[in-house]
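# Per-entry structural report
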Amino acid sequence: MADLELAPDFGMEIKPEYKTLISEFENGVEQRRPAWYSSRKSWRLFFKNRSSDDLDIILDLFNSNKGAFGSFSWLNALDNEIYNVRFAEDSITYANNSFGLFDFEFSLIEVK
């Protein structure tokens, strides 16, 4: 069971990333080498017109991990895989639309 199983709205953004170290020498030659041998993924999740209970789940998780400090497990509803992730930022923004419904979005980064 994952720490976060709340499914976002579909239309999430997915970004695979590699890290390449580049050393440039005085003669203009570059040496490139991978810092990571496998990609790291990040996701931007969107939640629209959600209840205060859904918002509380996210805020409790955010606060218990002190923003981007801690990591947790997340069930990705698109591929049904569990990833070890952290929040990308140390802040989170949400909007109260009306009638107790909230919009919020945030990014998660895979932790290896």
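Predicted model, so just to flag it, every value in this text is computed and none were measured.

Moving on to the packing of aromatic side chains. Within the structure shown, the criterion is met by nine aromatic pairs. An angle of 35 degrees between the planes, with centres 6.2 Å apart, marks the rings of Trp74 and Tyr83 as tilted. As far as the burial class goes, Trp74 and Tyr83 line up, both buried. An aromatic cluster is defined as three or more aromatic residues linked by ring pairs; in this entry it consists of Phe47, Phe62, Phe72, Phe87, Phe104 and Phe106.

Below, the discussion takes up the pattern of salt bridges. Taken as a whole and judged by the stated rule, the model has six salt bridges. Salt-bridge contacts for Asp9 lead to Arg50; the nearest nitrogen and oxygen are separated by 3.0 Å. In this pair, Asp9 is assigned in strand β1 (residues 9–17) and Arg50 in strand β4 (residues 40–50), connecting sequence segments 41 residues apart. Relative accessible area serves as the criterion here: at 13%, Arg50 is assigned to the buried category.

When glycine is set aside, most residues are seen to have a negative phi, and most peptide bonds are trans. The phi dihedral of Asn49 is positive, around 50 degrees, even though this residue is not glycine. When you line up the elements, Asn49 lands in strand β4. One non-glycine residue, Lys66, lies in the positive phi region at around 55 degrees.

Calculation criteria
Residues numbered from 1 in each chain as written. Predicted model: local features only at pLDDT ≥ 70, side-chain atom pairs only at ≥ 80, totals over all residues. Heavy atoms only, no water. Phe/Tyr/Trp six-rings, centres within 6.5 Å; stacked < 30°, edge-to-face > 60°. Buried < 20%, exposed > 50% of the residue type's maximum accessible area, 1.4 Å probe, protein only. Salt bridge = Lys/Arg side-chain N within 4 Å of Asp/Glu carboxyl O. Helix = DSSP H or I, 4+ residues; strand = E, 2+ residues; numbered from the N terminus.

By themselves, these are just geometric observations and shouldn't be taken as functional.
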